[in-house]
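# Structural features, examined
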Amino acid sequence: HHACSGQELHAGPERGVDQALLVAQVQDALDLAAITRRLQRLAREGLDGRQHAEVFFGNGHRIGVRLLQLLRAVPEVETHLVLSQAGGLTAAQELDMTRSDLEALADAVHNPRDIGASVASGSFVTDGMVVAPCSMKTLASIAVGLSDNLVSRAADVVLKERRRLVLLARETPLNQAHLRNMLAVTEMGGVICPPVPAFYQRPRSLDDVVDHTCVRVLDLFGLADSAAAASPLTVRRWPGLAPASAA
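These numbers come from a predicted model, not from an experiment.

## Details of the pattern of salt bridges
Scanning the model with the defined rule gives eight salt bridges in all. Two residues, R163 and E161, come together in a salt bridge whose shortest N-O distance is 4.0 Å. Exposure remark for R163: the relative accessible area of 15% places this residue in the buried category. Here the residues in one salt-bridge network are K160, E161 and R163, joined through shared partners.

So, in structure tokens, the structure goes:
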């Protein structure tokens, strides 16, 4: 604003030329920024017109499974799944689902040791990544940029490309290392999103609790309403407390 003040506009012909060039450069920069945003949006949609989202979970978790089910119903979204060996075992224990059952819910499946997978590169454009649930080991790996497997490498890519990273941290109580790692990821642009039950919604079942968490996660990507329109999912928005009735 100072460079374009009225006082400097009348400082002489040379000053006026300099300012004209400055205005032109600013306009060029604005045009370039608009073009860049357009290209990024087109790239995010992909050549097939679909958005790309990543869902990773190392422990076969009910919330991660539900997210895959909901996103599968949204035709414009393509999901990529990384499932660890422990995740497959836990899914069988918690959900009576086989590894094949889980992998069938995703559009693409990657081996957690495959550092050469598409999602390991920033040139493969996605809307972001969800780690559901996120162990404290995975959190620590992401916090220090270790990239020792595909999950932490893909998370590192999401952070460096300034995309959305959501970690459903699963641990309690938390020690100092956990809290420091959460702060580090937050400072890098990630979102720590513990799956905390919302009892103000008056859930009637565990499925209600899981769905509420999924809605909160999908809201972070702007996909909750699309998922609700394509599947039996109720998105309940908090309307505020009703005014107290007169005594």
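## Observations concerning the environment of H212
Mapped onto the fold, H212 is located in helix α9 (residues 206–219). Spatially, the C-alpha atom of H212 lies 9.9 Å from that of I63, the residues being 149 residues apart in sequence. Each residue touching H212, except ones within four places of it in the same chain, is listed here: A198, Y200 and Q201.

## Quick word on the side chain of H80
Locating H80 in the fold gives a position in strand β2 (residues 77–83). Within the structure, the side chain of H80 is placed 2.8 Å from the side chain of E78, a separation counted as a polar contact.

## Focus: the confidence of the model for the protein
With 74% of its residues at a pLDDT of 70 or more, the protein shows a mean pLDDT of 80. In the predicted structure, residues 1–13 sits below a pLDDT of 50 and forms eight contacts with residues beyond four places in sequence or in another chain. Every residue in residues 34–47 scores below 50 in pLDDT, and together they form eleven contacts with partners more than four places removed in sequence or on other chains.

## Quick word on the layout of surface pockets
Unfilled space is identified by rolling a water-sized probe across the atoms. In this structure, the second largest pocket spans a volume of roughly 270 Å³. Lining the second largest pocket we find 14 residues, and of these Q201, D208, H212, T234 and R236 sit closest to its centre. Along the lines of polarity and charge, the residues of the lining of the second largest pocket split into six nonpolar, three polar and five charged.

## Describing the packing of helix α6 (residues 136–143) against helix α8 (residues 176–187)
Packing of α6 against α8 brings their axes to within 9 Å, and their N-to-C directions diverge by 45 degrees. Here α8 runs oblique to α6, going by the angle between their axes. Of the two elements, α6 crosses α8, and the hand of that crossing is left-handed. On α8, the residues touching M136, L139, A140, I142 and A143 of α6 are H178, N181, M182, A184 and V185. Residues belonging to the contact of α6 with α8 are distributed by class as follows: eight nonpolar, two polar and no charged.

About the cut-offs
- Residues numbered from 1 in each chain as written.
- Predicted model: local features only at pLDDT ≥ 70, side-chain atom pairs only at ≥ 80, totals over all residues.
- Heavy atoms only, no water.
- Salt bridge = Lys/Arg side-chain N within 4 Å of Asp/Glu carboxyl O.
- Buried < 20%, exposed > 50% of the residue type's maximum accessible area, 1.4 Å probe, protein only.
- Helix = DSSP H or I, 4+ residues; strand = E, 2+ residues; numbered from the N terminus.
- Contact = heavy atoms within 4.5 Å.
- Polar contact = N/O pair within 3.5 Å; in protein donor to acceptor, adjacent residues only side chain to side chain.
- pLDDT = per-residue confidence, 0-100.
- 1 Å grid on protein atoms, 1.4 Å probe; cavity = no way out; pocket = protein on both sides within 12 Å on 5 of 7 lines; lining within 4 Å.
- Points joined across faces, edges and corners; volume = space filled by probe spheres on them.
- Nonpolar A, V, L, I, M, F, W, Y, C, P; charged D, E, K, R; others polar.
- Axes fitted to C-alpha atoms, helices over the stretch in contact; angles between N-to-C directions.
- Parallel < 35°, antiparallel > 145°, perpendicular 65-115°, else oblique.
- Left-handed = near helix turned anticlockwise from the far one by under 90°.

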